[in-house]
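Given next are the chains, with one letter for each unit.
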Amino acid sequence: MGTAALQAASRGSHCSLFYAQAALVTHMTALRRRSSLDRGEWLFVQDPQRAWTLGRVDRRGSRVVSLNVDGRRREARMSQVAEAGRALNASGDDLCDLDVFTEGSILHHVRRRFEASVIYTWVGSILIAVNPFKKLPIYSDRIVDAFRADATAPHAYAVASRCYDALRETGAPQSVLVSGESGAGKTETTKIILSYLARVAGGAQDDVARRILESNPVLEAYGNAKTLRNDNSSRFGKWMTVAFDATSRVAGCAIDTYLLEKSRVVGCGPGERTYHALYQVLSDIEGEAREFPYLARGGCVRIDGVDDAQEFATQLRALDALGVTDRQDVLDIVAAVLHLGCAEFDGDDARCVNAETSIGRCAPLLGLDATEVETAVTTRTERMGRGSIVTLRLTTKQARSARDALAKALYGGLFDYLVRRVNESLHRGDSPTSSSIGVLDIFGFEVFRHNSFEQLCINYANEKLQLFFDACVFGEELRTYEEEGVPFAHVQFEDNARCVALFDGRPVNLFSLLDDECQGGEGARDDRFGAKCAATFARKNPHFEARGPDGAQFAVRHFAGAVAYDGACGWTATFAGAPANATVETRVEGFVVWKTTTRRSKSSTRSSSAAATRSRSRRRRSRARSGRAATRWTGPATPCTTARPSPAPRAAPRGPRAAPGTRPTSSARGPTRGSRGAAWAGGAASSPRCRPRARPRPAARPASGTRAPRPPVSYTHLTLPTILLV
C-alpha cells in the first residue's frame, strides 16, 4: 500500500463528507489561532514521501514550528501542520469517532489498521477498502451468514447487507458506488457484493444468481488487461442492475458498459498486455503470441502466476453456462483481429505486401472475401459537390490507421455483442420485478506518462460522477441535520462544476472544439485544435492550462490533480474522417461491425454548412417577427444548497441520451455548426445534427429585478452506499 493511495483516499473522503470538511476547517483554524503549542505535543506534518507523518513539537516561533520527526529536526510552517489529537492509538471501526478529523489522522489510522491486516474502515456510511494484494480469510458463506445477522462491522458484505435490508424494508431502489484508482480492487469488490446477493437472495439452486456470477469470467476475459499497476485491470466501466421480485429474490440482471479502451487492442505501454482473450486463444501454442504485432508491442505476453490455458477453459465453461452457442464464431473474430494486425503496407498508394498471410487469413474467419477486406483498409470514397463519387487510394500511413481502426471496431463490436448475449442470458422474463440494486464499477482517474483521448473521456466521466456524488452526500447530510434539528452553519466549498463545464458547457467546450476541427477532414490538425482550446479557455477557465510551444498539449486541473493530455497524438486524424467504404458483416447473426458510409468532400461540406446557417438565420428572423423569443432555462450545476465561491457556467438543457452504439444527436452532445454530421450522414438536410431543435415555450417574464424560480431537483435513488477503494 503506497502513501499516494492513502493520500487519494483522504482527499476523496474529506471532499465528499460534510462533517469531514467542517471538522477539517475547524481544527486547522483552531490550530493556527493557538498562541502556543506544548513541548512534546504530537502534530501531523506534511511530508513529500508519506503525505502526512507524525512529529513532536520542540519549539514554536511566530510562523514556524520546530518538530522532531523520526529523530530528525524539521521546521515547518503553521499551514503545513495539523493537530493529531489524543486518539493516536484508537482502534475504532469508524473514523468519524476520532477526536480530530484531518487528512493526517485519516492516513494514520487507516495505515495502522492496514498493517494489522484490517483492510476495511467506515467513514460514516462510506467504506474505505485498502487492497491487501493477497488472499485474506474474510470471505466465505459462514461470514456471509454472520453479516446477514449483524452488518455493523466494516466490510463489503456490510454494504451489500444494508442495501438489501433497505430494499426489503422500503421497496426503493438502492445503489452501490465502487470507486478508486487502477489496482484498488474495484472489480474484486464488485464480485464480493454480487456473491453476497447471490447467497442471501438467490440460494444455492437459483439459476439466475449462478449466471450472474458466471458472467464475470467472460467480461474479464474480453474487458480486462494487464497494466503496470494491476494484472487484471478493468478497461471499461459497468453498471449492473440486479432485479428482485416481490419476495426479494433475484429475478434477473442487466449490464450496461461504458468506455471500453479500444486503443489497447492495437497497442499498449511497455510492460503491459492487451486484453486477456487475445492471449487465451493462443494459450496452447508456446511462443506464438510474440509473432502477432498487437500482442508483442507491450513486450509482455505472460503474467506471473496466471495460466492462460486454465483461464481459457474457464472462459469457455462460462460461455456454455450463459448459453452462448456460437462461441466458435466469437473465437474466430478474436483470431481475425490478430491476423489483421499482421498486415503491412508499402508504397505511396498503399498495398498490402503480405496479404496472403494476414488479410488472407483474416477474411475467411469473418466470412468475407479477402479482396473486400483489403479494399476496406486501402481506399476511401468521397462525394463531390454535384453528387459524383470518387474512389481514392490511401497512403501507407493512412492504411495502417485504417487497419487499426477496423481491428478496434471488430473487437469493440464483439465486446458489445457478448454483453448483449450475457444480458439475454440473465433476463428472466417470466418473473415480474419489484425493485433493484445497482452496482457501479467505474474506473478511477487515470494519469500516465502519455494521456490520450481515452484518458480524457475516463477523467471526464469521473468528474461528472464526483459532481453527482458531492451533491448526494452533502444534500443527504444537510437533510439529516434539518430533520434531527441539529444546529449547523453552511460550509462554503468549491465543487468541480467549473471543470465539468470545460467538457460539456455551453456554448463551447473541449469536445465541441475537437468536433469542429475534425470537420476539416484531411485538413484537420492537432496543433490547431490545441490553439483553439488555448484561445478559448486559457483565460476564462482556471481548470485549463495550455502547455507546449505548438499548443498541441494542454492540461486539465481535475479535482484529483492536474493531468497533461497529448493532443498532438493523432486525435484529429482519428476522428477527422468516416470509415472506408466497406461493410464488414460477420457470420454472427445481427453483428455488423462497419456500415457502408461515404465521405463528403470539403467543398460539399462547406456548401451544406452555409445552407444550414442560412436556414437557421431565416428561422430566427421568423421567430423575431412573430414575437416568440428563443429562451432557454437551465437548472443549477449541482443540486447543492451550500454556497459556492463563484457561480458555475450555465448549460443548455440536454436532450435524450443516445442509444448504445449510435452517434448522439446535437441535443445530446452540445452546440453544432451546420457542417457537423454532413460527412457521416450524407448532407446537412439528412443529418440529425442539422435539424432545427425544438425550443421550449418561454415562461412568463418575471417582474423587474427578480429571477425566475428554478424547479426542484429530484433523485430516483434514495440511498447511495459507497465503497471508496485505495
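**Concerning the overall build of the chain**
Counting its secondary structure elements, the chain contains 23 helices and 24 strands. Taking the intrachain contacts of the chain between residues at least 6 apart in sequence as the baseline, contacts between residues at least 24 apart amount to 65%. On the chain, roughly 34,600 Å² of surface is accessible, and the fraction owed to carbon and sulfur atoms is 50%.

**Digging into the confidence of the model for the chain**
Here the chain averages 75 in pLDDT, while 70% of its residues score no lower than 70. Here helix 23 (residues 678–681) is the element of the chain with the lowest mean pLDDT, 28, and helix 9 (residues 276–280) is the one with the highest, 95. Here residues 1–30 is a poorly scored stretch, pLDDT under 50, and it has 71 contacts once near neighbours within four places are set aside; other chains count. Note on residues 626–720: pLDDT is under 50 here. Beyond four places in sequence and across chains, it has 154 contacts.

**Quick word on unusual backbone geometry**
The peptide bond linking arginine 506 to proline 507 adopts the cis configuration, its omega dihedral lying at 5 degrees. Along the chain, the position of proline 507 falls in the loop between helix 17 (497–504) and helix 18 (510–518).

**Some details on the nonpolar core**
By size, the foremost hydrophobic cluster in this structure holds 96 residues, and its most contacted members are Tyr196, Ile212, Tyr222, Phe244, Leu295 and Tyr411. Tallying contributions element by element places helix 15 (residues 396–426) first for this core, with 13 residues. Once you skip the residues sitting within four places of it in the chain, isoleucine 212 turns out to touch Leu194, Met240, Val242, Val250, Gly252, Cys253 and Leu426. Ranked by size, the runner-up nonpolar core spans 21 residues in total, among them Tyr460, Phe544, Phe554 and Trp571.

**Examining the pairing of strand 3 (residues 64–69)**
As judged from the 4 bridges shared by strand 2 (residues 51–60) and strand 3, these two strands associate in the antiparallel manner. The residue bridging arginine 60 from the neighbouring strand is valine 65, located in strand 3. Connecting strand 2 to the antiparallel partner strand 3 that follows it, the hairpin turn spans 3 residues. Both strand 3 and strand 4 (residues 72–77) contribute to a ladder of 6 bridges, which runs antiparallel. Across the sheet, residue valine 64 finds its bridge partner in strand 4, namely arginine 77.

**Considerations on the pairing of strand 1 (residues 42–47)**
The pairing of strand 1 with strand 2 spans 6 bridges and is antiparallel. Across the sheet, residue valine 45 finds its bridge partner in strand 2, namely threonine 53. Hairpin connection of strand 1 to strand 2: 3 residues between the antiparallel strands. Bridge count for strand 1 against strand 5 (residues 81–83) is 3 bridges, and the pairing is antiparallel. Bridging across to strand 5, phenylalanine 44 finds its partner in alanine 82.

**Concerning the packing of aromatic side chains**
Applying the stated rule across the entire model yields 16 aromatic pairs. Aromatic side chains phenylalanine 147 and tyrosine 157 sit 6.1 Å apart centroid to centroid with 70 degrees between the ring planes, which places their arrangement in the edge-to-face category. Linking phenylalanine 147 in helix 4 (residues 141–149) with tyrosine 157 in helix 5 (residues 156–170), this pair joins segments that are 10 residues apart in sequence. A residue is classified by how much of its surface remains accessible, and tyrosine 157, at 3% relative accessible area, is buried.

**Description of helix 5**
Counted at 1.5 Å a residue, the expected span for helix 5 with its 15 residues is 21 Å, and the 21 Å between its end C-alpha atoms agrees. For helix 5, the complete set of buried residues consists of Ala156, Tyr157, Ala158, Val159, Ala160, Ser161, Cys163, Tyr164, Ala166 and Leu167. A positive backbone phi angle near 75 degrees is found at glycine 171, which sits one or two residues after helix 5.

What counts as what
- Each chain has its residues counted from 1, running along the sequence as written.
- Two thresholds apply to this predicted model, a pLDDT of at least 70 for residue-level local features and 80 or more for giving and counting side-chain atom pairs, whereas whole-chain, interface and lining totals are computed over all residues.
- Each side-chain value is worked out from all heavy atoms of the structure, with water and hydrogens disregarded.
- Here a strand is any run of E in DSSP of at least two residues, a helix any run of H or I of at least four, and the numbering for each starts at the N terminus.
- Between two residues, a contact is recorded if the distance between any of their heavy atoms is within 4.5 Å.
- Only the protein chains shown count as cover for residues, and all accessible areas are computed by the Shrake-Rupley method using a 1.4 Å probe.
- Known as pLDDT, the predictor's confidence for each residue is given on a scale from 0 to 100.
- Side-chain atoms within 4.5 Å are what join buried Ala, Val, Leu, Ile, Met, Phe, Trp, Tyr and Cys residues into a set we call a nonpolar core.
- Each residue is placed in one exposure class: buried if its accessible area under a 1.4 Å probe, protein chains only, is under 20% of its type's maximum, exposed if it is over 50%, and partly exposed if it falls in between.
- What makes two strands pair is DSSP finding at least two bridges between them.
- In this analysis, rings of Phe, Tyr and Trp, with Trp reduced to its six-membered ring, are considered paired at centre separations within 6.5 Å, and the interplanar angle assigns stacked below 30 degrees, edge-to-face beyond 60, and tilted for intermediate values.
- A helix is expected to reach a length of 1.5 Å times the quantity of its residues less one.

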